Amino acid sequence: MYLQRRFIPFLIVVLPSFPCYYSLLGKPNYSVSKKIDKVGIRSLASFQTVNVDDYGDKGDATEEAWKVACSSRGSVLVVPKNKNYLLKATTFEGPCKSSITVKIHGTVQASADRSAYSNNMSRWLVFKDVHNLAVQSGGTINGNGKIWWKNSCKVNHAPPCKNAPTALTFYYCKDLVVKNLKIKNAQEKHFSFEKCVGVLASGLKITAPKDSPNTDAIHVTRTQNIQISSSVIATDDDCISNVSGSRKVQATSITCGPGHGISIGSLGSRNSEAHVSDITVNGATLSGTTNGVRIKLWQGRSGSASIIKFQNIKMHNVKNPIIIDQKYRDQRKPCKSQSRAVQVKNVLYQNIKGTSSSNEAIKLVCGEKFPCRGIVFQDIDLRLGEGKSAKAVCNNAKVTKKGLFLQAAVESIDLIFLY
């Protein structure tokens, strides 16, 4: 396939009303769907085509085409099939006059020239302050991350640690649909939803090799009312990470592995106050991951992680199937014991079954001054290979046990079972 060495963007479809992709996703419980259901659909005959090729072949053609589409009522801008488009760091900024749909049928590829990110080293493609946006794809987004991975301080310890760009960021978007996107080899994170409200993300396929550091698949921060469903993820970091400010997050039908599992956190880094709440993972399969469902928190910080549910999850050869780590560190030297911590409370683990590759299938590392509270285990059947028993090791946790629980011994250090 011929690679066009031009900085050209992809298909932008501007609809006068929000598209009917919700019927394909099913009705979520969040208010965004109720609002959008009230909007009508205009006929295809009213669409206006805005083609990037009409705006020249220079790097600013992308921005010019977006300005025209964003200011129009009913426009279409296309990335054709069987074509590759090379893009520099680009921001598509709203607000726009009308609802917008972006369709990617070809391949959108990041530049391997690091100087192409001189204006924004933290992000590659950004949709900023766009309401009623839908992004669809039958094509591929390729972050071309190899040049960044080999310069990561996790691979090459000589240079100072610097962040690489996130491949696709949605920033300050409201009433957002992301559907059937295939994204691979991000420079660092693949997706980031930041300060968004009302998100439906479905049918995502996210891949990166095992030696691609920090390539989180889906990163959620300061975002509320987001549903992630029917997605397949295989990277070298978290499949889904929910960090501070995440509220009302629902993940269903997630296939994860390899990678680091599904995480709450890390929370409380750099002496920050962090809060997450109302996070549900219901229906997931994790295979060969270094963690299963994990809550990770830095010492010496403040905040809370609460109202969290992990339900109906299958584990296959997962190293740490269930883990709460209130003494998390992402560095080699140990941390001193601290007097403050992010509080963990009201966490449900229900119907989690499968195999652990480590003896400790459940590990709760909570602090003495801020113990984990309201932890409920219901119908947990995690074993080693060949049906051998696994262990639960819990420090400073107040736990309720219901139904099946490991069918194994429990090593308890200040572990309180509440019935």
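These numbers come from a predicted model, not from an experiment.

Turning to the pattern of salt bridges, a few remarks are in order. Throughout the structure, instances matching the rule amount to eight salt bridges. With a shortest N-O distance of 3.8 Å, Glu188 and Lys189 are connected by a salt bridge. Residue Glu188 shares its accessibility class with Lys189, and that shared class is buried. Three or more residues joined by partner-sharing salt bridges are found here, namely Asp238, Arg294 and Lys296.

What follows covers unusual backbone geometry. Cis rather than trans, the peptide bond between Gly94 and Pro95 has omega equal to 0°. On the secondary structure map, Pro95 appears in the loop between strand E6 (90-93) and strand E7 (100-104). For the bond from Gly257 to Pro258, the omega torsion is 0°, close enough to zero to count as cis. Tracing the backbone through its elements, the reader meets Pro258 in the loop between strand E21 (247-256) and strand E22 (262-267). The backbone phi angle of Asn144 is positive, close to 55°, even though this residue is not glycine. Locating Asn144 in the fold gives a position in the loop between strand E11 (140-142) and helix H4 (146-149).

Let us look at the nonpolar core. Burial of nonpolar side chains together is a common tendency in soluble globular proteins. Residues Phe170, Phe191, Ile218, Phe310 and Tyr349 are the most contacted members of the largest nonpolar core, which totals 93 residues. Excluding residues within four positions of it along the chain, Phe170 makes contact with Phe127, Leu133, Val135, Leu176, Val178, Phe191, Ser192, Phe193, Glu194 and Cys196.

Further remarks concern the state of the cysteines. Applying the stated criterion to the full structure yields three disulfides. The disulfide that involves Cys70 links it to Cys96, with 2.0 Å between the sulfurs. Looking along the S-S bond of the Cys70-Cys96 disulfide, the torsion reads about -105°, which is the left-handed sense. A residue pair is termed long-range when its members are at least 10 positions apart, and Cys70 in helix H3 (residues 61-70) and Cys96 in the loop between E6 and E7 qualify at 26 residues. Sulfur-sulfur distance for the disulfide between Cys239 and Cys256 comes to 2.0 Å.

What counts and how
- Residues numbered from 1 in each chain as written.
- Predicted model: local features only at pLDDT ≥ 70, side-chain atom pairs only at ≥ 80, totals over all residues.
- Heavy atoms only, no water.
- Salt bridge = Lys/Arg side-chain N within 4 Å of Asp/Glu carboxyl O.
- Buried < 20%, exposed > 50% of the residue type's maximum accessible area, 1.4 Å probe, protein only.
- Helix = DSSP H or I, 4+ residues; strand = E, 2+ residues; numbered from the N terminus.
- Core = buried A, V, L, I, M, F, W, Y, C linked by side-chain atoms within 4.5 Å.
- Contact = heavy atoms within 4.5 Å.
- Disulfide = S-S within 2.5 Å.

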